[in-house]
Amino acid sequence: MKREIPVNSEGHYTIGGLDSLELAKEFGTPTIVYDVAKIKEQIAKFKAGFEEENVKYHISYASKAFSSLAMYDLVAKSGIGSDVVSGGELYAALKGGMDPQELEFHGNNKSRAELEMAVDSNVGYIIVDNFYEIDLLNEVLTEKNKTADILLRLAPGIHAETHEYISTGQAKSKFGFDLQSGQASEALEKTLANPRFKVLGVHSHIGSQIFATAGFVEAAKKLMDFLSAWKEKYDFTAEVLNLGGGFGIRYTDQDEPLDVKDFVKIIVEAVKEKSKELNYPMPAIWIEPGRSVVGEAGVSLYTVGSRKDVEGVGSFVAVDGGMGDNIRPALYGAEYDAVLAKDPNAPIAQNASIVGKYCESGDILIKDYDFPKTEPGDVIAMLSTGAYGYVMASNYNRNPRPAIVFVEDGKARLVVKRESYEDMIRNEIL
Ligand SMILES: Cc1ncc(COP(=O)(O)O)c(C=O)c1O
Ligand SMILES: N[C@@H](CCCC[NH3+])C(=O)O
C-alpha cells in the first residue's frame, strides 16, 4: 500500500506540517527530522492495546533505536520506561530526566563498572543475561549491601523471520540463558537461592523488524509452559513476562506492518489463553519496542550533489550523507523509500541508485530506484529513518554526524547539533 506523502500549498513535502525545504535550509543537511506527534501516537497505541486487554503491563522504550537527551525527556513525559544497554545509555537516560526506577538494564556483557553504576543509580530492573553476570552482580550487590529486582533473559529457541543479524531468540544466539539445555533452570535455581536477587520473572526478545505475530505467540506460549513447570518444581511464580520488542515498521510501500495495538492484543490474548490452560496466574506483560516507536517518525534530509551516468550500465545520484549516518542498507541490505522534497509527486524520470559520499562502493542508500528528475541542490527526503540510523552513525572519512531536529506543534527544535570538525578531534592528542 502506498503511504500518504503530505505536501503543502507549494507542493513541497512536509514533516509535521513544516516545509522540508525550509527545514533543510534552516538546519542544513544531512539532518534527521522527527515528527514528535508520530512518536507520541505510537506510544499511545501501545498503551491502548494493553488498556483494552485490561492486563498489568509495562512499556519500556528500547532506547538503542534512537536516543538523545530530548528523546529520553519525551519518553519520561510519556509515562513509559526505557531500556538501556550500556553505561553510556544509562548516563544519557538519567541526564535526560528518566526516573531510574523506570529503567531496565540490558546487555550480554555488562562490565563491573556498568553494574556498579546501575546499582548506585537505583536502576529499576536488571535483565540478567548469563552466569558470569549472576556472579558479578552478586559481588557488586554484596559490596554495596543492596538487592536488585531482576529478570532472567532466556533464549527460547525460536526463529523469527527477519535478517540473521537482527534475530536473537534462536538457540544459537549470544543472548540469554538457553531454555532447552537446562541452563535457564539452573540460572533460576541460582538466583532464587540468593537473597540479593528478587526474581520478578523472565524475558525474551526474539529479534527485530518482525511482521508475523507467530514468533511472539510461540515465545509467549513456550515461556508460559516453562514458568508453569518451574512453579511445580521451585514454587516460583513469575510476576512478569517480558516479551521484548521487535515489531516491524514500514520502510517501503511493500511493507505491511500490523498496527502496534493489534500486535499487543494478539500477544496478550496468547498469554491469557495459556494462563487459563495452565491455571497459572496471569503475569504482568512487559514489552520493549524500539524501532516501532521512532522508525517511521524520522526522515533524513540530504542534498543532491554529483551524478554519474553510464549508458547501458546505470546511474548514480550522490547526496551529502550516506553510510555514515545510515549504515542499514550497507549492513543489512535494508530498503527505503525517498521523495524529492520540492515535488514528491513529480513524474518518475530516471532509474538511479541514490548513493552517499563515503569512500565505499557499498555506500548505496537506495539501489536502482525509480525517481523524478534531480539536479544539484535538490533535497531528497529518505523516509522511515528514525530507528538505528543516528545511533549507529560513524565518523567514517571524518564526516561529522548529522543534526537532529524535533518538529512538534508547527515548530522545529534542534535537539542534537551537527558535529563539527573540531568535535571530531576533541579526544586526540598530538
Ligand atoms: C532486548 C531487546 N529489547 C528490545 C529491542 C528493541 O527491538 P526493536 O527495536 O526491534 O523493537 C532489542 C533490539 O532488537 C533488544 O535486543
Ligand atoms: N540495528 C538493527 C536492529 C538491532 C536490534 C538490537 N537488538 C537494525 O538496524 O535493524
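Details of the structure are given in the entry above.
Computed from a predicted model, the values in this text were never measured in an experiment.

Scoring rules and cut-offs
Residues numbered from 1 in each chain as written. Chains lettered and ligands numbered in written order. Predicted model: local features only at pLDDT ≥ 70, side-chain atom pairs only at ≥ 80, totals over all residues. Heavy atoms only, no water. Core = buried A, V, L, I, M, F, W, Y, C linked by side-chain atoms within 4.5 Å. Buried < 20%, exposed > 50% of the residue type's maximum accessible area, 1.4 Å probe, protein only. Helix = DSSP H or I, 4+ residues; strand = E, 2+ residues; numbered from the N terminus. Contact = heavy atoms within 4.5 Å. Near = heavy atom within 4 Å. Polar contact = N/O pair within 3.5 Å; in protein donor to acceptor, adjacent residues only side chain to side chain. Areas by Shrake-Rupley, 256 points an atom, 1.4 Å probe, with all protein chains shown as cover. Nonpolar A, V, L, I, M, F, W, Y, C, P; charged D, E, K, R; others polar. Phe/Tyr/Trp six-rings, centres within 6.5 Å; stacked < 30°, edge-to-face > 60°. Axes fitted to C-alpha atoms, helices over the stretch in contact; angles between N-to-C directions. Parallel < 35°, antiparallel > 145°, perpendicular 65-115°, else oblique. Left-handed = near helix turned anticlockwise from the far one by under 90°.

K.L.:
Even after reading the chapter, I still don't get the nonpolar core, so can you show me in this structure?
P.N.:
Within soluble globular proteins, side chains that are nonpolar tend to cluster in buried spots. Membership of the largest hydrophobic core comes to 84 residues, with the highest contact counts inside it found for Met71, Ile126, Trp230 and Val294. A total of nine residues in this core trace back to one element, the largest contributor, which is helix α8 (residues 214-234). Not counting residues up to four positions away in its chain, the partners in contact with Trp230 are Leu154, Leu179, Ala184, Ser185, Leu188, Val202, Asp235 and Phe236. The next biggest cluster of nonpolar side chains, apart from the first, holds 18 residues, and it includes Ile249, Val319, Leu340 and Phe371.

K.L.:
Can you help me understand the site of ligand 1 in this one?
P.N.:
Around ligand 1 there are 14 residues in total, and His205, Ser208, Glu288, Arg291 and Tyr388 lie nearest to it. For ligand 1, an oxygen atom lies 2.6 Å from a polar atom in the side chain of Tyr388. In the complex, 93% of the free accessible area of ligand 1, which totals 390 Å², lies under the protein chains. Broken down by class, the residue content of the shell around ligand 1 amounts to three nonpolar, seven polar and four charged.

K.L.:
Is there a simple way to think about the packing of aromatic side chains in this case?
P.N.:
Aromatic ring pairs: the centre-centre distance and the angle between the two ring planes describe each pair. For the coordinates displayed, the defined rule picks out 15 aromatic pairs. Note on Phe216 and Phe247: the rings are 5.0 Å apart at their centroids and 25° apart in plane angle, and the pair reads as stacked. In this pair, Phe216 is assigned in helix α8 and Phe247 in the loop between β11 (240-242) and α9 (260-278), connecting sequence segments 31 residues apart. Take Phe216 and Phe247: they sit in the same class, and that class is buried. Look at Tyr251 and Tyr336: their rings are 5.0 Å apart centre to centre, the planes differ by 80°, and that puts the pair in the edge-to-face class. Taken together, the residues Tyr251 in the loop between β11 and α9 and Tyr336 in the loop between α11 (328-332) and β15 (338-340) connect sequence positions 85 residues apart. Ring pairing ties together the aromatic residues Tyr34, Phe66, Tyr390 and Phe406, which thus form one cluster.

K.L.:
Just checking my understanding: could you explain the packing of α8 against α9 for this structure?
P.N.:
Between two packed helices, both the angle of their axes relative to each other and the distance between the axes serve to describe the pair. Put simply, α8 and α9 touch, their axes get as near as 9 Å, and they point 30° apart. Between α8 and α9, the angle is such that the two are roughly parallel. You can see that α8 and α9 cross each other, and the crossing is right-handed. Every residue of α9 that contacts α8 at Phe216, Val217, Ala220, Lys221, Met224, Asp225 and Ser228 is listed here: Phe263, Ile266, Ile267, Ala270, Val271, Glu273, Lys274, Ser275 and Leu278.

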